[in-house]
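In case you want the letters, here they are:
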Amino acid sequence: MKNQKPNNSYLLFIALTAAFGGFLFGYDTAVISGTIFFVKSKFALDAAMEGWFVSSALVGCIAGVSFAGELSDRLGRKKALIASGLLFSISAVGCAISASHTELIVFRLLGGLGVGVASMMSPLYISEVSPAKIRGRMVALYQFAITVGILFAYFSNAWLLKSSSSVELQNALLHKIFAEEVWRAMFGSEVVPAVLFFITMFFIPESPRWLASKGRNQQAGAILARINWQLSG
């Protein structure tokens, strides 16, 4: 006779993967703090342009939140989170190589879209895959990830700034990013967690609640069975 027990390791994996969207949220929100002085000097920004640079990601966030629900209802929670990771990645690369203030704003807006989608989809997804008795602590991982992301952004900025004075790179573009204009490296540093989030999203299941809402009850049941229970001898 086989017994059943909660599959905690699998649930923790998918909850942490989804919560990583919160890490990117916090990282993207905080990383700009180390770039303001350099960007202002680079592009000779006045007060209004500086304010637009700082707030542009929040404008994108509002737009992302406005369509995130419709997007996830149509395509699924998982695909919405994958789109979020893709937007984060494009934003990080684009900000690092922006040739003008306008380009920088465009890529910050894209990053804001990713923030908006993640801010809705990550906690929603976690709540839909977690058993009721531990749902609260699982969703709390998202909030915890936001604060960790903020902390990592500050440490990353400080390390890159300190390293920029001593780094010597033969490649002209890399030298420009990591030494001459270190603010580019600060933005670009988000590429690593963004790509990691994008890739790992392919290894978690779709929300069983969303599958059930589309009449795909057999798939939903199989995922719930794997999340909530595993058979052991």
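A few points on the structure. No experiment lies behind these values; they were computed from the predicted model shown.

## Digging into the overall build of the protein chain
Of the regular secondary structure elements, the protein chain holds 11 helices and two strands. Reading the helices (α) and strands (β) of the protein chain from amino to carboxyl end gives β-α-α-α-α-α-α-α-α-α-α-α-β. If you line up the protein chain on its principal axes, its C-alpha atoms span 70 × 35 × 30 Å. Across the 233 residues that make up the protein chain, the buried fraction comes to 48%. Put simply, of all contacts in the protein chain between residues at least 6 apart along the chain, 80% involve residues at least 24 apart. Counting every atom, the protein chain has about 11,600 Å² of accessible surface; 67% of that belongs to carbon and sulfur. Placing the 19 positive and 12 negative side-chain charges of the protein chain at their respective mean positions leaves the two points 16 Å apart.

## Structural notes on the packing of helix 5 (residues 101-129) against helix 6 (residues 135-164)
As a packed pair, helix 5 and helix 6 sit with axes 8 Å apart at the nearest point and diverge in direction by 155°. One way to sum up the angle between helix 5 and helix 6 is to call them roughly antiparallel. In this structure, the crossing between helix 5 and helix 6 has a hand that is right-handed. On helix 6, the residues that touch Ala118, Ser119, Ser122, Pro123, Ile126 and Ser127 of helix 5 are Arg135, Met138, Val139 and Tyr142. Class assignment for the residues of the contact of helix 5 with helix 6 results in six nonpolar, three polar and one charged.

## What about the nonpolar core?
In terms of nonpolar packing, the biggest core is built from 55 residues, with Ile14, Val39, Phe53, Leu104 and Phe187 touching the most fellow members. At 11 residues, the largest contribution of residues to this core is made by helix 1 (residues 8-31). Leaving out residues up to four positions away in the same chain, Leu104 has contacts with Val39, Phe43, Phe53, Cys95, Ser98, Trp183 and Phe187.

## Some points on the pattern of salt bridges
Side chains carrying opposite charge are able to pair once their charged atoms draw close together. For the coordinates displayed, the defined rule picks out eight salt bridges. Between Lys42 and Glu181 there is a salt bridge; the shortest N-O distance is 3.0 Å. With Lys42 in helix 2 (residues 36-42) and Glu181 in the loop between helix 7 (172-180) and helix 8 (182-188), this residue pair connects regions lying 139 residues apart in the sequence. Judged by its relative accessible area of 38%, Lys42 is partly exposed. A residue is classified by how much of its surface remains accessible, and Glu181, at 13% relative accessible area, is buried. The network of salt bridges with shared partners includes Asp73, Arg77, Glu128 and Arg209.

## A few points about unusual backbone geometry
Of note, Ala44 is a non-glycine position whose phi angle comes to about 50°, a positive value. Among the secondary structure elements, Ala44 is positioned in the loop between helix 2 and helix 3 (47-75).

## Some words on the environment of Ser55
Looking at the element boundaries, Ser55 is found in helix 3. For Ser55, a relative accessible area of 25% puts it in the partly exposed group. Sequence separation of Ser55 and Val191 is 136 residues, and the distance between their C-alpha atoms is 21 Å.

## Observations concerning the side chain of Glu190
Along the chain, Glu190 falls in the loop between helix 8 and helix 9 (191-200). The buried charged residue Glu190 lacks any salt bridge partner; its closest oppositely charged side chain belongs to Arg108, at an N-O distance of 5.1 Å. Apart from residues no more than four positions distant in its own chain, Glu190 is found in contact with Leu24, Tyr27, Asp28, Phe88 and Ala92.

Definitions and cut-offs
- Residues numbered from 1 in each chain as written.
- Predicted model: local features only at pLDDT ≥ 70, side-chain atom pairs only at ≥ 80, totals over all residues.
- Heavy atoms only, no water.
- Helix = DSSP H or I, 4+ residues; strand = E, 2+ residues; numbered from the N terminus.
- Buried < 20%, exposed > 50% of the residue type's maximum accessible area, 1.4 Å probe, protein only.
- Contact = heavy atoms within 4.5 Å.
- Areas by Shrake-Rupley, 256 points an atom, 1.4 Å probe, with all protein chains shown as cover.
- Lys, Arg positive; Asp, Glu negative; His and termini not counted.
- Charge placed at Lys NZ, Arg CZ, Asp CG, Glu CD.
- Axes fitted to C-alpha atoms, helices over the stretch in contact; angles between N-to-C directions.
- Parallel < 35°, antiparallel > 145°, perpendicular 65-115°, else oblique.
- Left-handed = near helix turned anticlockwise from the far one by under 90°.
- Nonpolar A, V, L, I, M, F, W, Y, C, P; charged D, E, K, R; others polar.
- Core = buried A, V, L, I, M, F, W, Y, C linked by side-chain atoms within 4.5 Å.
- Salt bridge = Lys/Arg side-chain N within 4 Å of Asp/Glu carboxyl O.

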